[in-house]
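Below are the chains, spelled out letter by letter.
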Amino acid sequence: MKSPKGNQRDCWLRDKVREYLEIALDEAHLGYVDGFDMGRCISDPTQYVLNIFCVVAEEERGIAKEL
């Protein structure tokens, strides 16, 4: 990300990632996207990050290499 709130491209990428995650989680019957936040990285305050939060119903299947 280019700034704490993201530029136009960052926001477009955020929306695309959320869209793809929602589709993947729904198709696998694993859960849903529950939100996001954007801001400074704690370990490196000069960097900015996007965190996307997901509610996953089946943890073991959710972290498996293949769904």
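Below is a summary of the structure that appears in this document. Treat the numbers as computed from the prediction; the structure is a model and nothing was measured.

What follows deals with the side chain of Asp 10. Relative to the assigned elements, Asp 10 resides in helix 1 (residues 8-27). For the buried Asp 10, no salt bridge is present, and the opposite-charge side chain at shortest range is Arg 9, 4.7 Å distant. Beyond its immediate sequence surroundings of up to four residues, Asp 10 is in contact with Met 1, Lys 2 and Ser 3.

With that out of the way, let us pick up the environment of Glu 27. Here Glu 27 is to be found in helix 1. The class for Glu 27 is exposed, based on a relative accessible area of 62%. Taking the C-alpha atoms as reference points, Glu 27 and Ile 52, 25 residues apart in sequence, are found 18 Å from one another.

For the rest of this paragraph, the subject is the pattern of salt bridges. Taken as a whole and judged by the stated rule, the model has three salt bridges. When the shortest N-O distance is used, the salt bridge between Arg 14 and Asp 15 registers 3.0 Å. The buried category is assigned to Arg 14, whose relative accessible area is 14%. By relative accessible area, which is 39% here, Asp 15 ends up partly exposed. Salt-bridge contacts for Lys 16 lead to Glu 19; the nearest nitrogen and oxygen are separated by 3.4 Å. One end of the pair, Lys 16, and the other, Glu 19, are both in helix 1, three residues apart, so they sit about a helical turn from each other.

Parameters and conventions
- Residues numbered from 1 in each chain as written.
- Predicted model: local features only at pLDDT ≥ 70, side-chain atom pairs only at ≥ 80, totals over all residues.
- Heavy atoms only, no water.
- Helix = DSSP H or I, 4+ residues; strand = E, 2+ residues; numbered from the N terminus.
- Buried < 20%, exposed > 50% of the residue type's maximum accessible area, 1.4 Å probe, protein only.
- Lys, Arg positive; Asp, Glu negative; His and termini not counted.
- Salt bridge = Lys/Arg side-chain N within 4 Å of Asp/Glu carboxyl O.
- Contact = heavy atoms within 4.5 Å.

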